[in-house]
Amino acid sequence: MENRLQTIVNPLLGWYKTHRRELPWRVDKDPYHVWVSEIMLQQTRVEAVIKYYSRFIETLPDVESLSEVPEDRLLKLWEGLGYYSRARNLKKAAEKIVRDLGGVFPDTSASLRKLPGVGAYTAGAIASICFQEKVTAVDGNVLRVVARVTGSRENVLLPEVKKQTEAGLLEVLPDNAGDFNEAMMELGETVCLPGDAARCVECPLQGECLAHRDGLTAELPVRVKQMKRRQEQRTVFLLTAEDGRTAVEKRPDKGLLAGMYQLPNVEGFLSEEEIRSAAEAWGLQVLEIVFIKDAKHVFTHLDWLMKGYHVKVAHPAGDFLWATPEELQQQYALPTALKPFAPFPTAKKKRG
């Protein structure tokens, strides 16, 4: 594998020099900027991240300000990106840098991996881009490029295959490792796309790629998932009082969507009678129940199948936090999973 990968280094770097995108976190090689961008880019496309990144850096321009930001404010800045544990780990890592390292950013992949939420890929990206360490940064995009170039039919979701890929890349890594790592990521994000979307005619590695030669581009890399998904039915309550406020509650500090504010919801699909009984058990005087819509949200190992209802009540009551529309927009970050029902969706069907 190493001989074939050696042939990609020069054409890849030449292509990157000409075709690299101008992205806000590439303006400089500040490790704080690269770190925030890399964490945001986990599970999220570049195009979607740009606006969130700019707002985040404008509000929290350095590691000190991130370490001090209240969690509710942090989650509001992160709202829409999902996977909120990423934001919490950013803050925990910033606190560690300020508290234990005097505000000085770690400058090796080994020291970076000691930060909460920083794995091998993120540590490698920061260390190589910002501190010129000769270390790999292998994510899904890089695994796809290498699998296609080498014609590998190994399951890239297996840890041992990722380790083999890292070892093969490390042997051919040039002195400007940061540029090489970014070039591999860039190629995977813009040209060597998944499945039939691959733009092989634009690829600088076309002549070296066994998948292209053998007509296997759409089949590689091999990705065989081992896990079984679980589905969960939930009834979501959009509780609004006559004074215009909406009920939200905070989820537990551990588990799915930990510490997030949410619209009240319960497991199972409730009938209208059960919805009324649940609201009254919360101490609410129900005026009207309006069906909103069905929705589905896909988590990593779990699907939520949801039915949402707008339950109009006379007065705020119960163990809820009752927020104004302005507070919902500016202060309380609601999970993306519940956005189809908030703050005031248009009703599809009236019931009751």
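For the structure itself, look to the data block above.
Colleague: Help me out: how do you make sense of the overall build of the protein in this one?
Modeller: What the protein contains, in helices and strands, is 15 helices and 8 strands. For the protein, contacts bridging at least 24 residues in sequence account for 71% of all contacts bridging at least 6. For the protein, the accessible area works out to roughly 17,200 Å², and carbon and sulfur atoms hold 49% of it. In the protein, 47 side chains carry a positive charge and 48 a negative one; their mean positions are 4 Å apart.

Colleague: Sorry if this is basic, but what is going on with helix H9 (residues 120-131) here?
Modeller: Side chains that are three or four residues apart share a direction in an α-helix, a result of its 3.6 residues per turn. Between its terminal C-alpha atoms H9 stretches 15 Å, which fits the 16 Å expected from 12 residues at 1.5 Å a residue. When you tally the buried positions in H9, you get 10 out of 12 residues, the bulk of the element. Where H9 is concerned, the buried positions are Tyr 121, Thr 122, Ala 123, Gly 124, Ala 125, Ile 126, Ala 127, Ser 128, Ile 129 and Cys 130. For H9, the secondary structure elements touched by its buried residues are helix H3 (31-41), helix H8 (109-112) and helix H12 (177-190).

Colleague: Would you mind going over the environment of Trp 35 with me for this structure?
Modeller: Residue position: Trp 35 is located in helix H3. You can call Trp 35 buried: its relative accessible area is 1%.

Colleague: Explain the nonpolar core to me, please; I cannot follow it from the model alone.
Modeller: Nonpolar side chains tend to gather and get buried jointly when the protein is soluble and globular. Ranked by internal contacts, the top residues of the largest apolar core, which has 94 residues, are Trp 35, Phe 56 and Leu 66. Apart from residues lying up to four places away in sequence, Trp 35 is in contact with Val 63, Leu 66, Leu 90, Ala 93, Ala 94, Phe 105, Val 118, Thr 122 and Ile 126. Ranked by size, the runner-up nonpolar core spans 17 residues in total, among them Leu 270, Phe 291, Tyr 309 and Val 311.

Colleague: How do you make sense of the pairing of strand E2 (residues 246-250) when you look at a structure like this?
Modeller: A regular strand carries its side chains on alternate faces of the sheet. Pairing analysis gives 3 bridges linking E2 to strand E7 (residues 321-323), with the strands arranged antiparallel. Residue pairing for E7: Thr 246 is matched across the bridge by Ala 323.

Colleague: Just checking my understanding: could you explain the packing of aromatic side chains for this structure?
Modeller: Two aromatic rings, taken as a pair, are described by how far apart their centres are and by the angle between their planes. Here the structure, examined in full by the defined rule, presents 10 aromatic pairs. Ring geometry for Trp 35 against Phe 105: centres 5.4 Å apart, planes inclined by 65°, an arrangement best described as edge-to-face. One end of the pair, Trp 35, is in helix H3; the other, Phe 105, is in the loop between helix H7 (85-101) and H8, with 70 residues separating them in the sequence. When the centroid spacing of 6.1 Å and the interplanar angle of 80° are considered together, the rings of Phe 56 and Trp 78 count as edge-to-face.

Rules and cut-offs
Residues numbered from 1 in each chain as written. Predicted model: local features only at pLDDT ≥ 70, side-chain atom pairs only at ≥ 80, totals over all residues. Heavy atoms only, no water. Helix = DSSP H or I, 4+ residues; strand = E, 2+ residues; numbered from the N terminus. Contact = heavy atoms within 4.5 Å. Areas by Shrake-Rupley, 256 points an atom, 1.4 Å probe, with all protein chains shown as cover. Lys, Arg positive; Asp, Glu negative; His and termini not counted. Charge placed at Lys NZ, Arg CZ, Asp CG, Glu CD. Expected span 1.5 Å × (residues − 1). Buried < 20%, exposed > 50% of the residue type's maximum accessible area, 1.4 Å probe, protein only. Core = buried A, V, L, I, M, F, W, Y, C linked by side-chain atoms within 4.5 Å. Pairing = 2+ DSSP bridges. Phe/Tyr/Trp six-rings, centres within 6.5 Å; stacked < 30°, edge-to-face > 60°.

That is the geometry; function is a separate question.
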